Amino acid sequence: MDKKKRLVFGLFICMVIVVCGIYILNSDLLVEKVYGKTEWKADALLVFRTGTDRGTLISNPMEIADIQKSYKWTNFHIECCVGAPDFRVYVYQDGEPVSVWHGFNEPNNEAYNRDFARRISELGKRPPNVWVSEVTVPSGVYTEDIAATLGHNVILPLRSEERDARGPYLIATYKAFFDRNSAMGEAAVKDSPLGEFSGDDIFIPLQEALIQEGVLRHTSSVDCNKWYGSSFGIDSYAERSITFYLERQPSFYEFGSLTLEYSDGDGWKGFIVTETSLNESTREMIQEMGITIGSK
């Protein structure tokens, strides 16, 4: 066998080894596959393509549930996703965004979950049935305010309030000291709802004070922003914070040993969904509320 043939044969053997390795790693032989399902129950889907004012709104609960059942997440991909999505499907429950599905005109771009990808691709091919206006809303103007002005039209936020606050908010932070080798240390570095981790009880008096002042709208879960681990295990600490979404600024600027950071908010983005194109009078009402129509 000459040198060139030996080189080709060697490359072929290497490719076989690589393919076999990938197969083994993605098989039940070495990897315990993890399958996940969506935990929320969506009641509305908005199929939206950037750059157009038309979209498709789907609100049949049985159809949405059927699509949702086809979703299956695994802890590894058999084939990689390729390129940016051709369109997006915004998923809502009770008017609040819970997920975004990326849609492709060619569904094999998400080949590791082909059934779900095909279902989303089919949604993108449906004819539009609504007009969609992208809007930027001032801080302190909420979906219920817009709905009261515009009547039966649908107001859908682009992101959850945890990602895009719709009004003033207050972030409170404290340091939780622990032994990182203990059960408390393991819990202190995890995000959790208020009340689940005992150290977070430090936030409860502040929450009660905000309720008493009548300014609290709702409360986020507790986030572990960062943590420092001592090489000896003890004297480690985590910075844990919580966000209180408010109607207005409270009367106080300090509260015990907590570090407080207040913000008036920067406004939020969303969609106004209508059966017909916005007429001039509706546009004027929207603009009087300080709402800007457009993607910027």
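Scroll up for the structure.
Small disclaimer: the values here were computed from a predicted structure and weren't measured.

Tell me about the packing of aromatic side chains, and name the residues and values.
Here the structure, examined in full by the defined rule, presents seven aromatic pairs. Among the aromatic residues, ring-to-ring pairing joins W40, W101 and F116 into one connected group. When the ring centre of W131 is taken as reference, the NZ or CZ atom of R54 above it lies at 4.4 Å. It is R166 that lies over the ring of W268; its NZ or CZ is 5.6 Å from the centre.

Provide a residue-level description of the sheet that holds strand 11 (residues 236–246), including the pertinent values.
Taken together, four strands build an open sheet; the order of strands is 10-11-9-12 and the sheet is antiparallel. Both edges of this open sheet fall to strand 10 (216–228) and strand 12 (259–263), since each of them pairs with a single strand only. The mean angle between the axes of side-by-side strands here comes to 20°, regardless of whether they run parallel or antiparallel. Relative to strand 12, strand 9 (residues 169–178) runs antiparallel, the two sharing five bridges. Within the sheet, the bridge partner assigned to A172 lies in strand 12 and is L260.

Just give me the short version of the nonpolar core, but keep the residues and values in it.
Among the nonpolar cores identified, the biggest contains 20 residues, and A172, F203, L206, L210 and F244 are the most heavily contacted of them. Where this core is concerned, the elements lending two or more residues are strand 9, helix 6 (204–213), strand 10 and strand 11. If you tally residues by element for this core, the top one is strand 9, at five residues. Not counting residues up to four positions away in its chain, the partners in contact with L206 are L170, A172, F244, F252, F255, L258 and L260. Of all hydrophobic cores here, the second largest spans 14 residues; its members include V47, I67, F87 and V89.

The rules behind each value
Residues numbered from 1 in each chain as written. Predicted model: local features only at pLDDT ≥ 70, side-chain atom pairs only at ≥ 80, totals over all residues. Heavy atoms only, no water. Phe/Tyr/Trp six-rings, centres within 6.5 Å; stacked < 30°, edge-to-face > 60°. Lys NZ or Arg CZ within 6 Å of the ring centre and 35° of its normal. Pairing = 2+ DSSP bridges. Helix = DSSP H or I, 4+ residues; strand = E, 2+ residues; numbered from the N terminus. Axes fitted to C-alpha atoms, helices over the stretch in contact; angles between N-to-C directions. Core = buried A, V, L, I, M, F, W, Y, C linked by side-chain atoms within 4.5 Å. Buried < 20%, exposed > 50% of the residue type's maximum accessible area, 1.4 Å probe, protein only. Contact = heavy atoms within 4.5 Å.

None of this, on its own, says anything about what the molecule does.
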